[in-house]
Amino acid sequence: MRRVEKLIGPGVRGEESPAEMLHKVLRNELNRASRGGLKVALVLARSEKLGKGKIGECARQARRRLREIDTVIELSKSTLALILPHTGKEGAQVVTTKLESFLQGTWSYGIAVYPDNGKDGEELFAYAEAVLKDSWEKKEPGAPAQQQASDT
């Protein structure tokens with residue numbers, strides 16, 4: 001029974017929150033990367049003034065245009081998380097440029113790469129969030145930092 005569960009998963013136990021899903025996928029990709037000596041990029045993308053319900057459409061567009069191995073998760077009403085296996089900083093920057101070409105609105109990005117910017121998912125997320133906050137504040141110079149960071 002354990003072998004079958006390992007192969008197909010334990011079944012539905014209820015919905016995972018976006019943060020739980022992010023940490024689960026990130027943990028799995030980091031395990032693969034550490035065994036193979038590979039890189040994994042985490043990209044946090046936050047939209048400015050995106051209309052209600054539009055983040056889901058943005059996530060669908062990103063999923064259609066990125067690789068099958070890439071994961072796109074809607075973290076909040078204005079933030080997407082992208083997990084990009086086998087991708088360094090330069091590759092992640094290519095992805096953000098690609099996103100800019102088809103996503104509506106103005107976006108800010110935070111990129112963190114394993115193992116360069118953190119040894120686990122929590123460190124990577126914290127690094128990407130700090131870069132995102134810095135990028136966001138540069139685009140919105142008069143806005144208070146607390147207000148901007150409150151929705152992730």
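How each quantity is defined
Residues numbered from 1 in each chain as written. Predicted model: local features only at pLDDT ≥ 70, side-chain atom pairs only at ≥ 80, totals over all residues. Heavy atoms only, no water. Core = buried A, V, L, I, M, F, W, Y, C linked by side-chain atoms within 4.5 Å. Buried < 20%, exposed > 50% of the residue type's maximum accessible area, 1.4 Å probe, protein only. Helix = DSSP H or I, 4+ residues; strand = E, 2+ residues; numbered from the N terminus. Contact = heavy atoms within 4.5 Å. Pairing = 2+ DSSP bridges. Axes fitted to C-alpha atoms, helices over the stretch in contact; angles between N-to-C directions. Salt bridge = Lys/Arg side-chain N within 4 Å of Asp/Glu carboxyl O.

## Examining the nonpolar core
Then comes step 1: Formed by 22 residues in total, the largest nonpolar core has its most connected members in Val43, Val72, Leu80, Leu82, Leu84, Leu99 and Trp107.
Then comes step 2: Taken together, the elements giving at least two residues each to this core come down to β1 (40-48), α3 (54-65), β3 (79-85), α4 (89-102) and β4 (106-114).
Then comes step 3: Once you skip the residues sitting within four places of it in the chain, leucine 82 turns out to touch Ala41, Leu42, Val43, Leu66, Thr71, Val72, Val95 and Leu99.
Then comes step 4: Among the nonpolar cores identified, the runner-up in size contains 18 residues, and Leu30, Ala33, Leu124 and Leu132 belong to it.

## Some remarks on the environment of glycine 56
Then comes step 1: Tracing the backbone through its elements, the reader meets glycine 56 in helix α3.
Then comes step 2: Assessed through its relative accessible area of 8%, glycine 56 is described here as buried.
Then comes step 3: The sequence separation of glycine 56 and isoleucine 73 amounts to 17 residues, and the corresponding C-alpha distance is 9.3 Å.

## Notes on the sheet that holds β4
Then comes step 1: The antiparallel open sheet is built from four strands, whose spatial order is β2-β3-β1-β4. Only two strands of the sheet have a single neighbouring strand rather than two, namely β2 (71-74) and β4. Neighbouring strand axes in the sheet, compared pairwise and without regard to direction, differ in orientation by 20° on average.
Then comes step 2: Bridge count between β1 and β3: seven bridges; the pairing is antiparallel.

## Describing the pattern of salt bridges
Should their charged atoms come close, side chains of opposite charge can pair.
Then comes step 1: Taken as a whole and judged by the stated rule, the model has nine salt bridges.
Then comes step 2: Across the pair aspartate 116 and lysine 39 runs a salt bridge whose closest N-O atoms are separated by 2.7 Å. Of this pair, aspartate 116 sits in the loop between β4 and α5 (121-139) while lysine 39 sits in the loop between α2 (18-36) and β1; the two residues are 77 residues apart in sequence, bridging distant segments of the chain.
Then comes step 3: The class for aspartate 116 is exposed, based on a relative accessible area of 52%.

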